[in-house]
Amino acid sequence: MAWTRQDPNARRGYHHGNLREALIDAALNLIAQKGPAGFTFADAARSAGVSSAAPYRHFRDRDALLTDVARRGFELFETHLERAWNDGKPEPFRAFENVGRAYLSFARSEPAYYSAMFEGAVAPDSDPALRQASEQAFAVLRRASETLCARAPAGQRPPALMMSLHVWALSLGIASLFARGDAGRRPLPMSPEELLEAAVLIYLRGLGLIAP
């Protein structure tokens, strides 16, 4: 069954099947303009060109809409990280560096998704699907960390979870401060990739995973 706006001057009409996608697109545009906390549910409806009641067909409220945006962002993020890791090929350390670059690249190329994921005040535990998507994205970095840790002699291997959390936090900080594709980006006398590469290199040397 189709649902179309009755206003003959409306910019576009939506069938029931694609209203959800229109609202997601509207939310992404609003996040890019105003940040994840800068718009209302009514704003999203208005941006999508539908009535203020229409979004309730698919979303409980604004938080539910933002949660779905964040979930989709993490799924896309996982794809980026997985492609960069490439099962540790051609060489684990080089692949690990590629994961860091992919992290920064995602923040730069998908700033709206990035903001929804990390700045939207949506707790992953609030939604099972969001939690699963975020954990799967983090799992790529954890597998990469486990691969590098396994190269150290037994008894000298750092905890892979600790390492992955540290590198995740480091990447998040650099991405948020220097690698965003929006007005939140801060100037830096070097590229964000160079900064992250140097920081990770120092960190891995401190753990004894690579030689000085």
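As the structure is a computational prediction, the values presented were derived from the model and not from experiment.

Quick word on unusual backbone geometry
Here lysine 89 and proline 90 are connected by a cis peptide whose omega angle stands at 0°. As for its position among the elements, proline 90 is in the loop between helix H3 (62-85) and helix H4 (92-109). The backbone of asparagine 86 sits at a positive phi, close to 50°, despite the residue not being glycine. Tracing the chain through its elements places asparagine 86 in the loop between H3 and H4. Its identity as a non-glycine residue notwithstanding, aspartate 87 has a phi of 55°, on the positive side. Mapped onto the secondary structure, aspartate 87 falls in the loop between H3 and H4.

Here's the deal with the packing of H3 against helix H6 (residues 128-149)
The relative placement of two packed helices comes down to the angle between their axes together with the axis-to-axis distance. Remark: H3 packs on H6, axes separated minimally by 7 Å, with the N-to-C direction vectors making an angle of 20°. Judged by the inter-axis angle, H3 sits roughly parallel to H6. In this structure, the crossing between H3 and H6 has a hand that is left-handed. Every residue of H6 that contacts H3 at Thr67, Ala70, Arg71, Phe74, Glu75, Phe77, Glu78, Leu81, Glu82 and Trp85 is listed here: Ala129, Leu130, Ala133, Ser134, Gln136, Ala137, Val140, Arg143, Ala144 and Thr147. Within the contact of H3 with H6, the residues separate by chemical class into eleven nonpolar, four polar and five charged.

Re the nonpolar core
One finds Phe77, Phe96 and Leu204 to be the most contacted residues of the largest nonpolar core, which totals 65 residues. Of all the secondary structure elements, the ones that give two or more residues to this core are helix H1 (19-34), helix H2 (41-48), H3, H4, helix H5 (111-119), H6, helix H7 (160-178) and helix H8 (192-206). Counting residues per element, this core draws most heavily on H3, which supplies ten residues. Excluding its chain neighbours within four sequence positions, the residues that come into contact with phenylalanine 96 are Trp85, Leu141, Ala144, Ser145, Leu148, Met163, Val167, Val200 and Leu204.

Re the environment of alanine 48
Inspection of the secondary structure puts alanine 48 in helix H2. In this structure the C-alpha to C-alpha distance between alanine 48 and leucine 23, which are 25 residues apart in sequence, comes to 5.8 Å.

Brief notes about the packing of aromatic side chains
Aromatic rings considered in pairs are described by the distance between their centres and by the relative angle of their planes. Summed over the entire model, instances satisfying the criterion amount to eleven aromatic pairs. Judged by centre distance (6.3 Å) and plane angle (85°), the rings of phenylalanine 77 and phenylalanine 118 are edge-to-face. Of this pair, phenylalanine 77 sits in helix H3 while phenylalanine 118 sits in helix H5, and the two are 41 residues apart along the sequence. When the ring of phenylalanine 118 is compared with that of tryptophan 168, the centres are 6.3 Å apart and the planes differ by 65°; the resulting orientation is edge-to-face. Within this pair, whereas phenylalanine 118 is found in helix H5, its partner tryptophan 168 is found in helix H7, the two being separated by 50 residues in sequence.

Structural notes on the side chain of arginine 72
Inspection of the secondary structure assignment puts arginine 72 in helix H3. According to the relative accessible area criterion, arginine 72 is buried, its value standing at 18%.

Cut-offs applied
- Each chain carries its own residue numbering, running from 1 in the direction its sequence is written.
- Given that the model is predicted, a residue must reach a pLDDT of at least 70 before its local features are reported, and side-chain atom pairs must reach 80 or more before they are shown or counted; all residues, however, enter totals for whole chains, interfaces and linings.
- Calculated side-chain values reflect all of the structure's heavy atoms, with hydrogen atoms and water omitted.
- Strands are runs of DSSP state E lasting at least two residues, helices are runs of H or I lasting at least four, and both sets are numbered from the N terminus onward.
- Every axis corresponds to a line fitted to the C-alpha atoms, with the helix fit spanning only the stretch in contact, and the corresponding angles, defined between N-to-C directions, vary from 0 to 180 degrees.
- We call two directions roughly parallel when the angle between them is under 35 degrees, roughly antiparallel when it is over 145, roughly perpendicular when it lies between 65 and 115, and oblique otherwise.
- A clockwise turn of the near helix away from the far one marks a right-handed crossing, whereas an anticlockwise turn of less than a right angle marks a left-handed crossing.
- We call two residues in contact when some of their heavy atoms are within 4.5 Å.
- Under the scheme applied here, ten amino acids are nonpolar (Ala, Val, Leu, Ile, Met, Phe, Trp, Tyr, Cys and Pro), four are charged (Asp, Glu, Lys and Arg), and all others, including Gly, are polar.
- Among the buried residues, those of types Ala, Val, Leu, Ile, Met, Phe, Trp, Tyr and Cys that are joined through side-chain atoms within 4.5 Å form a nonpolar core.
- Buried, partly exposed and exposed residues are distinguished by accessible area as a fraction of the type maximum, computed with a 1.4 Å probe on protein chains only: under 20%, between the cut-offs, and over 50%, respectively.
- Between 30 and 60 degrees the pair is tilted, below 30 it is stacked and above 60 it is edge-to-face, where a pair is any two Phe, Tyr or Trp rings, Trp via its six-membered ring, whose centres lie within 6.5 Å.

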